[in-house]
Amino acid sequence: LFDGIYPFYPQQRKAFVFDVSTIIVIVVFLTFACSFLLIIPGIRGRSRLYWTFRVLLSLFMGAVIVAVQFTADWETGWVKANTSYKSFSRALVNADIGLHVGLAGVNVTLMGNPVNQINETINYNEHFAWSFDADYDHSYSEGLERGLPSPILYVAEKFTTQSPCSMHRQYRISGHYASATLWVAFCTWLISNILFSMPVLVYGGYMLLVTGAFVIFSLLSFSTVRNSPVCPIQFGTAILRTGYGGSFWLTLAIGVLCFVAGMAVVTLHYFNLDLLKTFFDLHEDKAEEYQEMTEVHVSSHFVNKGL
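These numbers come from a predicted model, not from an experiment.

1. Things to note about the UniProt feature "transmembrane region" (unreviewed entry) in the protein chain
Under the feature "transmembrane region" (unreviewed entry), the UniProt entry names residues 20-39, 51-71, 91-110, 177-196, 202-225 and 246-271. Here residues 51-71 is 81% helix and 0% strand, with 30 Å between the C-alpha atoms at its ends. For residues 91-110, the helix share is 0%, the strand share is 80%, and the end-to-end C-alpha distance is 16 Å.

2. Describing the side chain of Ser174
Structurally, Ser174 can be placed in helix 5 (residues 167-196). You can call Ser174 buried: its relative accessible area is 4%. The residues contacting Ser174, other than those within four sequence positions of it, are Ser221, Phe222, Thr224 and Val225.

3. Here's the deal with the sheet that holds strand 3 (residues 105-117)
Either a parallel or an antiparallel arrangement is found when strands of a sheet pair, and the pairing is made through backbone hydrogen bonds. One open sheet holds the five strands; their spatial order is 4-3-2-1-7, and the pairing between them is antiparallel. Both outer strands of the open sheet, strand 4 (120-129) and strand 7 (243-244), are each paired with one neighbouring strand and no more. Looking at chain direction, strand 2 (residues 92-101) and strand 3 are connected through seven bridges and run antiparallel. The residue bridging Asp96 from the neighbouring strand is Met111, located in strand 3. Packing of helix 3 (residues 136-146) onto the sheet brings it into contact with strand 3 and strand 4, and relative to strand 4 it is tilted by some 160°.

4. Some details on the pattern of salt bridges
Tallying each qualifying case throughout the model produces two salt bridges. A salt bridge links Glu120 to Lys86; its shortest N-O distance comes to 2.5 Å. Residue Glu120 is found in strand 4, and its partner Lys86 is found in the loop between strand 1 (75-84) and strand 2; the two are separated by 34 residues along the sequence. The exposure class of Glu120 is partly exposed, given its relative accessible area of 24%. Of the residues examined, Lys86 reaches a relative accessible area of 27% and is grouped as partly exposed. For Arg146, the salt bridge goes to Glu126, with nearest N and O atoms at 3.1 Å. Linking Arg146 in helix 3 with Glu126 in strand 4, this pair joins segments that are 20 residues apart in sequence. In terms of burial, Arg146 and Glu126 fall into one category: buried.

Analysis parameters
Residues numbered from 1 in each chain as written. Predicted model: local features only at pLDDT ≥ 70, side-chain atom pairs only at ≥ 80, totals over all residues. Heavy atoms only, no water. UniProt positions renumbered as here; feature names shortened; annotations may be inferred. Helix = DSSP H or I, 4+ residues; strand = E, 2+ residues; numbered from the N terminus. Buried < 20%, exposed > 50% of the residue type's maximum accessible area, 1.4 Å probe, protein only. Contact = heavy atoms within 4.5 Å. Pairing = 2+ DSSP bridges. Axes fitted to C-alpha atoms, helices over the stretch in contact; angles between N-to-C directions. Salt bridge = Lys/Arg side-chain N within 4 Å of Asp/Glu carboxyl O.

Rendered as structure tokens:
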């Protein structure tokens, strides 16, 4: 120990918006998109535009449905406060404290104003997971042993199982249900793409509506934590307040987009089927067929023989 602090320990920090899993998902879907763009020149006529719009829009929906499960900004909050930096020390620092809640855990950030204060660099970002294969209390205990700053431990303590706030149970259960519902939405998204590749377009539209419904259900599941009383996270006179983050609103936009696309397909099926078939490249254009058969060569030998 050096002055009561562990001077050397592995830093297990994690970005509060993007992590390795999110980057992998984005790279996979970008690979599919780039592969499609390589073959798109082989599609003739207006169908090229229709195919590009359909495929890129569908890939965007699937990428968001999967990626938001690994992001940590479903609920975010920041506060600027003068707070103690270490336990058993009267030294105060001016810092921005952030809380970022995801479906699988929380990120607590601490950024000094300025970053260098009391001869130290104050720039922390710690992740505490509560997924099925993770032990939140154990992660918190490791943070205590590593000597994390007091503001991070104070915020993280609110989500422990022993905390009287019961925030761990509320957020963990709602996050698990939201994640499970999003995986079901991803499965229905796959089924809708399979149906769109066959001449049963209206059923693909129905599955898009089901996908949008499950996405909205996941948002409702996560938003249930806002209906229960939450313990205040207070630093002196400043209170850390949270609100819905970017991942929540992006998921809402994808749910609405699935509803709009599904309703458009179903409406066109019943009121303008020809336009729907043309958009999905299932409509046979007779004009093009006639245009391809502009010249007919008949052998005079076979004509005379037949006569």
